[in-house]
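This is what each chain is made of:
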Amino acid sequence: MDSIDRKILHVLERDGRISNVNLAATIGLSPSACLRRVQELESGGYISGYRAVLDRSRIGGDIVVFVMVGLSAHLAKDARNFERAMESAEEVRECHNITGSVEYLLRVEVDSLESYKHFHADTLGVLPQVASITSHISLGSSKDMRA
């Protein structure tokens, strides 16, 4: 990976729908050389996919809650069972295994506080692996580079 590849990744991270012709012009390459590099970045695993960024305020899920979850035991089976439960919970947009005083940090998106209350009680609250739950409601995001 060289500086041109890094420029390509930077542009694609901001606009995954940019045409190859416009990307090539932005980077300063011919369209064929640019396409070849993008294909190499894709096949090399540097680009794992493209997705749409949704406006949650228009479709629901505009309340973001960061949830710190502590497990009751530090057994691999408990972590696997918890992660499996989070995979099937549609409110959970991200599930990160972290270091520190708790084991997991979740990004949860819901359309109301009542919806979060149900998720908290009926999804997290019934899991035998869960020992502690700490919720932090986001008041806004000044920077969000997730695509």
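Owing to the predicted nature of the structure, the values given are computational and were not obtained by experimental measurement.

*Asks:* Can you walk me through the sheet that holds strand β4 (residues 130–137) in this structure?
*Replies:* The strands making up a sheet associate through backbone hydrogen bonding, with each pair oriented either parallel or antiparallel. Read across the sheet, four strands follow the order β2-β3-β1-β4 without closing on themselves; strand pairing throughout is antiparallel. The strands lining the two open edges of the sheet, one partner per strand, are β2 (92–97) and β4. Strand-to-strand twist across the sheet, computed as the mean angle between neighbouring axes with direction ignored, equals 20°. By the bridge criterion, seven bridges tie strand β1 (residues 63–71) to β4 in an arrangement that is antiparallel. Residue pairing in the sheet places V69 in a bridge with I133 of β4. The sheet contacts of helix α5 (residues 76–87) involve β1, β2, β3 (104–110) and β4, and relative to β3 the element is tilted by about 15°. Strand contacts of helix α6 (residues 113–124): β1, β2, β3 and β4, with the helix running at about 165° to β4, the strand carrying the most contacts.

*Asks:* For this particular structure, what's the right way to read the environment of S30?
*Replies:* Summarising the element assignment, S30 is placed in the loop between α2 (20–27) and α3 (31–43). On the basis of relative accessible area, S30 is assigned to the partly exposed category, the value being 36%. When the C-alpha positions of S30 and N20 are compared, they lie 9.5 Å apart, and in sequence the two are 10 residues distant. One polar contact links the side chain of S30 to the main-chain amide nitrogen of A33, over a distance of 3.2 Å.

*Asks:* Is there a simple way to think about the nonpolar core in this case?
*Replies:* Where a protein is soluble and globular, its nonpolar side chains tend to be buried together. In this structure, V69, F82, L106 and V108 are the most contacted members of the largest nonpolar core, which totals 19 residues. Those elements giving two or more residues to this core turn out to be β1, α5, β3 and α6. In this structure V108 touches I63, V64, V65, V67, E91, V92, Y116 and F119, once residues within four positions along its chain are discounted. Within the second largest apolar cluster, 10 residues are counted, among which are V11, L23, L41 and I47.

*Asks:* Whenever I open this one, the packing of α2 against α3 confuses me. Can you help?
*Replies:* When two helices pack together, you describe them by how their axes are tilted relative to each other and by the distance separating the axes. Closest axis-to-axis distance for the α2/α3 pair is 9 Å, and the angle between their directions is 100°. Classified by the angle their axes make, α2 and α3 are roughly perpendicular. Touching N20, L23 and A24 of α2 are P31, C34, L35 and V38, all from α3. Tallied by class, residues from the contact of α2 with α3 come to six nonpolar, one polar and no charged.

*Asks:* Teacher, can you tell me more about the side chain of Q129 here?
*Replies:* As for its position among the elements, Q129 is in the loop between α6 and β4. Judged by its relative accessible area of 8%, Q129 is buried. In this view, Q129 contacts G70, L71, S72, D78, N81 and F82; residues no more than four positions away in its chain are not counted.

*Asks:* In this structure, what is going on with the pattern of salt bridges? I would like to understand it.
*Replies:* If the charged atoms of two oppositely charged side chains come close together, the side chains can form a pair. Here the structure, examined in full by the defined rule, presents six salt bridges. Salt-bridge contacts for R37 lead to D2; the nearest nitrogen and oxygen are separated by 3.0 Å. Taken together, the residues R37 in helix α3 and D2 in the segment before α1 (3–14) connect sequence positions 35 residues apart. Judged by relative accessible area, which is 30%, D2 ranks as partly exposed. Residues D144 and R107 are paired through a salt bridge, measuring 3.8 Å at the closest nitrogen-oxygen approach. Of the two residues, D144 sits in the segment after β4 while R107 sits in strand β3, which places them 37 residues apart along the sequence. Judged by relative accessible area, R107 falls into the buried class, the value being 9%. Three or more residues are tied together by salt bridges with common partners; here these are R93, R107, E109 and D144.

Cut-offs and rules
Residues numbered from 1 in each chain as written. Predicted model: local features only at pLDDT ≥ 70, side-chain atom pairs only at ≥ 80, totals over all residues. Heavy atoms only, no water. Pairing = 2+ DSSP bridges. Helix = DSSP H or I, 4+ residues; strand = E, 2+ residues; numbered from the N terminus. Axes fitted to C-alpha atoms, helices over the stretch in contact; angles between N-to-C directions. Contact = heavy atoms within 4.5 Å. Buried < 20%, exposed > 50% of the residue type's maximum accessible area, 1.4 Å probe, protein only. Polar contact = N/O pair within 3.5 Å; in protein donor to acceptor, adjacent residues only side chain to side chain. Core = buried A, V, L, I, M, F, W, Y, C linked by side-chain atoms within 4.5 Å. Parallel < 35°, antiparallel > 145°, perpendicular 65-115°, else oblique. Nonpolar A, V, L, I, M, F, W, Y, C, P; charged D, E, K, R; others polar. Salt bridge = Lys/Arg side-chain N within 4 Å of Asp/Glu carboxyl O.

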